[in-house]
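Close look at the chain arrangement
One letter stands for each residue in the lines below.
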Amino acid sequence: MSEILVNKLTGTSTAGSILVTGEGNSTTTNLQQGLAKAWASSNQASLIDSLNVASTTDNQSADTTYTYTNAMANAGYAAGSGSIGPSSGTQAGITSYRTVAAGSIRVVTFDDTKDANGRFDTAYQAVTISGDLA
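Residues numbered from 1 in each chain as written. Predicted model: local features only at pLDDT ≥ 70, side-chain atom pairs only at ≥ 80, totals over all residues. Heavy atoms only, no water.

Quick notes on a nonpolar patch on the surface
Just so we agree on the cut-off: What makes a patch is a set of residues exposed beyond 30% relative accessible area and free of salt bridges, joined within 9 Å when like-charged and within 5 Å when nonpolar (Val, Leu, Ile, Met, Phe, Trp, Tyr). Values of accessible area rely on a 1.4 Å probe in the Shrake-Rupley scheme; residue burial ignores everything except the protein chains shown. Any carboxyl oxygen of Asp or Glu within 4 Å of a side-chain nitrogen of Lys or Arg constitutes a salt bridge here. We count a stretch as a helix when DSSP gives it H or I for four or more residues in a row; a strand needs E for two or more, and each element gets its number in order from the N terminus.
Among the surface-exposed residues, I4, V6, L9, V20, L31 and L35 lie close enough to one another that they form a single nonpolar patch of about 560 Å² accessible area. Structurally, V6 can be placed in the segment before strand 1 (19–21).

Considering the pattern of salt bridges
Spelled out, the test is: Think of it in three bands: residues with accessible area under 20% of the maximum for their type are buried, residues over 50% are exposed, and the middle band is partly exposed, with areas taken using a 1.4 Å probe on protein chains only.
Applying the stated criterion to the full structure yields two salt bridges. Notably, a salt bridge pairs R98 with D63, separated by 2.6 Å at the nearest N-O pair. Here R98, found in strand 8 (residues 94–101), pairs with D63, found in strand 6 (residues 63–68); they are 35 residues apart in sequence, far enough to count as distant. The class for R98 is partly exposed, based on a relative accessible area of 42%. For D63, the salt bridge identified is with R106, shortest N-O distance 2.8 Å. Highlighted residues: D63 in strand 6 and R106 in strand 9 (residues 104–110), separated in sequence by 43 residues. For D63, a relative accessible area of 0% corresponds to the buried category.

Worth remembering: the numbers are spatial, not functional.
Take a look at the structure:
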C-alpha cells in the first residue's frame, strides 16, 4: 500500500478544484463540493463540538440559532439535523429549520406530545451544513 503525505492539495487547472474518481472509475466528484462546510453538536444552550460554528443562541424552548464562523455564499445551502430526546436515549422530535441565512441557521425541534407549541428541549442536537462558503 502506498501513502501520500502532503499539507496542501491544489488543482492543476483550477486551484480550488480537485476531482476524485468514484467507484467503478466511471464518475468523478468534486472534492470541495462533497465536504461538509459546517457541523455542530450542542445541548441547545452551548456547543459540545463544532466545525465552522462560532456560537449557539438559545432563543427559547427547542429553538436554537447556530452562527457560522465563515458564512455560506447564500441561503441556498443544504442542511441536515437530528436530535435525542430530553434525556439520553429517549425518543427524539422532528427538527425543522425556521430561518436559513448565509451567516446562520435557526433550528426548532417539535413533538406534538410535549407542550401546546409542540416544542421541547433535547439533550443533544446536531446539524450539518453542505454548500459553498462565501
